[in-house]
Amino acid sequence: MSLQCGIVGLPNVGKSTLFNCLSNAKAQAANFPFCTIEPNVGVITVPDERLNKLSELVHPQKIVPTTVEIVDIAGLVKGASKGEGLGNKFLANIRETDAILHVLRCFDDENVTHVDGSVNPLRDKEIIDYELQLKDLETVESRINKVQKQAQTGGDKQAKLVLDVLLKYKEALDQGKAARTVQLATKDEQKAARELFLLTNKPVLYVCNVDEASATSGNKYTEMIREAIREEDADMLVVAAKIESEIAEFETYEEREIFLSELGLEESGVNRLIKAAYKLLNLETFLTAGPQEVRAWTYLKGSKAPQCAGVIHTDFEKGFIRAEVIKYNDYVELGSENACKEAGKMNIEGKEYIVQDGDIMHFRFNV
């Protein structure tokens, strides 16, 4: 499932440092704008403690985690919507992603230059928001010009529906609001909206890059962002990219855990960021467990059993008969598949079953 999160932000906010920590890819991290020109794509393993627990019970030959794709996109500057800097390339790259990780500089450091001369994450956020909104407004107005006549004089119901959606978006964008703040009442409106591919309609997570002292509790800058996004349909995560790059250098899990403990952190920022990106893409995980492998499989939240069977193999979906489902907690508590069967904790589910995160699945099919 090739859904992608794009890491965006102004130059020198820590995007490429974070990306390197996430993927061990060799994105150049340098103290000047535009060091990332082509988007770097990293396939990132999603941390899932459930896999380790199941492997202790099943003793498989291998463990296969699920993954998520992260794209490091070149830094944006003021005027990008009009082609300034690498604007057109930036906007084209972001349009191809499914969600946005918006990195904001929330630390002071005289040795790291800021493209606008001073640290102000709220201003930085507004610069990117503004450029994306301008591009969306341009898209919306262009589409309005195309469908307006059709909708008003041609009696075309679909054109009228699309026009209504476009006008709602135009009103919001004119007010400096993101497209994702617009509430659409019907599935038809939502479908029309998806086909517009608006930049500010993508789900967004604001990643506040802080110094070491602020890694556990944030700082004045993160509070500015928390307040600014209160009415947005968006979340925020605090990460110290410098610490994450130090953690990445440790060779063993035990060393990382000791380092995190000394800092008062329960989990690395990278792990939290990967999990947040996975959630941002509306993804969940079902599991399979057997002597050959314990494996995590990615599916879109709300998918039914046959669709999830198709994630493993298209034949599983075509010939779907039923799904045998054990809840993760039951499996761990009872210790094995057979014990769950004997205790009546294995459910037989049909085509309408909506798979839940952490379900341990076995599919029956016939082709």
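Keep in mind that this is a model prediction, so the values were computed, not measured.

The rules we used
- By convention here, each chain's residues receive numbers from 1 onward along its written sequence.
- Per-residue local features of the predicted model are confined to residues with pLDDT of at least 70, and side-chain atom pairs are confined, for both listing and counting, to 80 or more; whole-chain, interface and lining totals are unaffected and use all residues.
- Remark: hydrogens and water are excluded; side-chain values derive from all non-hydrogen atoms of the structure.
- Strands here are runs of E lasting at least two residues and helices are runs of H or I lasting at least four, both read from the DSSP assignment and numbered beginning at the N terminus.
- Should any heavy atoms of two residues lie within 4.5 Å, those residues are considered in contact.
- For every residue, the accessible area obtained with a 1.4 Å probe (protein chains only) is divided by the maximum for its type, and the residue is called buried under 20%, exposed over 50%, and partly exposed between those limits.
- Residues enter patches when they are more than 30% accessible in relative terms and free of salt bridges; like-charged ones are connected within 9 Å and nonpolar ones (Val, Leu, Ile, Met, Phe, Trp, Tyr) within 5 Å.
- The protein chains shown are the only cover counted for residues, whose accessible areas, like all others here, come from Shrake-Rupley with a 1.4 Å probe.
- The term salt bridge refers to a pairing of a side-chain nitrogen on Lys or Arg with a carboxyl oxygen on Asp or Glu at a separation within 4 Å.
- Counted as positive: Lys and Arg. Counted as negative: Asp and Glu, with His and the chain ends omitted from the count.
- A charge is said to be at NZ when it belongs to Lys, at CZ for Arg, at CG for Asp and at CD for Glu.
- Under the pairing criterion, centres of Phe, Tyr and Trp rings, with the six-membered ring standing for Trp, must be within 6.5 Å; the plane angle then separates stacked pairs below 30 degrees from edge-to-face pairs above 60, leaving the rest tilted.
- The definition of a nonpolar core used throughout is a set of buried Ala, Val, Leu, Ile, Met, Phe, Trp, Tyr and Cys residues joined through side-chain atoms within 4.5 Å.

Caption draft 1: View of the environment of glycine 290. With respect to the secondary-structure elements, glycine 290 resides in the loop between strand 8 (283–289) and strand 9 (293–300). Put simply, glycine 290 and lysine 62 are 228 residues apart on the chain and 9.8 Å apart in space, counted from C-alpha to C-alpha. Leaving out residues up to four positions away in the same chain, glycine 290 has contacts with Val58 and Pro60.

Caption draft 2: Representation of unusual backbone geometry. Positive phi, normally seen in glycine, also occurs at asparagine 12, with a value near 65°. In this fold, asparagine 12 is placed in the loop between strand 1 (4–8) and helix 1 (15–23). For asparagine 12, a relative accessible area of 16% gives the class buried. Here the phi dihedral of asparagine 282 falls at roughly 65°; this positive angle occurs in a residue that is not glycine. Here asparagine 282 shows up in the loop between helix 10 (269–280) and strand 8. On the accessibility criterion, asparagine 282 (38% relative accessible area) is partly exposed.

Caption draft 3: A negative patch on the surface, seen in detail. A cluster of acidic residues, Asp108, Glu110, Asp211, Glu212, Glu246 and Glu249, forms a negative patch at the surface. With respect to the helices, strands and loops of the structure, glutamate 249 is situated in the loop between helix 8 (241–247) and helix 9 (253–263). On the basis of relative accessible area, glutamate 249 is assigned to the exposed category, the value being 66%.

Caption draft 4: Region of the structure containing the packing of aromatic side chains. Going through the model one piece at a time under the given rule, you end up with 6 aromatic pairs. Arranged with centres 6.3 Å apart and planes meeting at 10°, the rings of phenylalanine 286 and tryptophan 297 form a pair that is stacked. Of the two residues, phenylalanine 286 sits in strand 8 while tryptophan 297 sits in strand 9, which places them 11 residues apart along the sequence. Exposure remark for phenylalanine 286: the relative accessible area of 0% places this residue in the buried category.

Caption draft 5: Expanded view of the pattern of salt bridges. Taken as a whole, this structure holds 25 salt bridges when the rule is applied. For lysine 53, the salt bridge goes to glutamate 56, with nearest N and O atoms at 3.8 Å. Placement of both lysine 53 and glutamate 56 in helix 2 (residues 49–58) is noted, with a separation of 3 residues, approximately one turn of the helix. Here lysine 53 falls in the partly exposed class, since its relative accessible area comes to 34%. Of the charged contacts in the structure, one is a salt bridge between lysine 168 and glutamate 189, with a shortest N-O distance of 3.0 Å. Pair noted here: lysine 168 is in helix 5 (residues 157–174) and glutamate 189 is in helix 6 (residues 187–194), with a separation of 21 residues, a long-range link. With relative accessibility at 9%, the residue glutamate 189 sits in the buried group. Here the residues in one salt-bridge network are Lys125, Asp129, Arg180 and Glu232, joined through shared partners.

Caption draft 6: Up close: the nonpolar core. Judged by nonpolar contacts, the single largest core of 57 residues is most densely connected at Ile70 and Leu101. Among the elements that take part in this core, helix 10 stands out by supplying 6 residues, more than any other. Excluding its chain neighbours within four sequence positions, the residues that come into contact with isoleucine 70 are Cys5, Ile7, Phe19, Leu22, Asn40, Val41, Gly42, Ile44, Leu101 and Ala277. Counting residues in each nonpolar core, the second largest holds 20 residues, with Val147, Leu166, Leu184 and Ala193 among its members.

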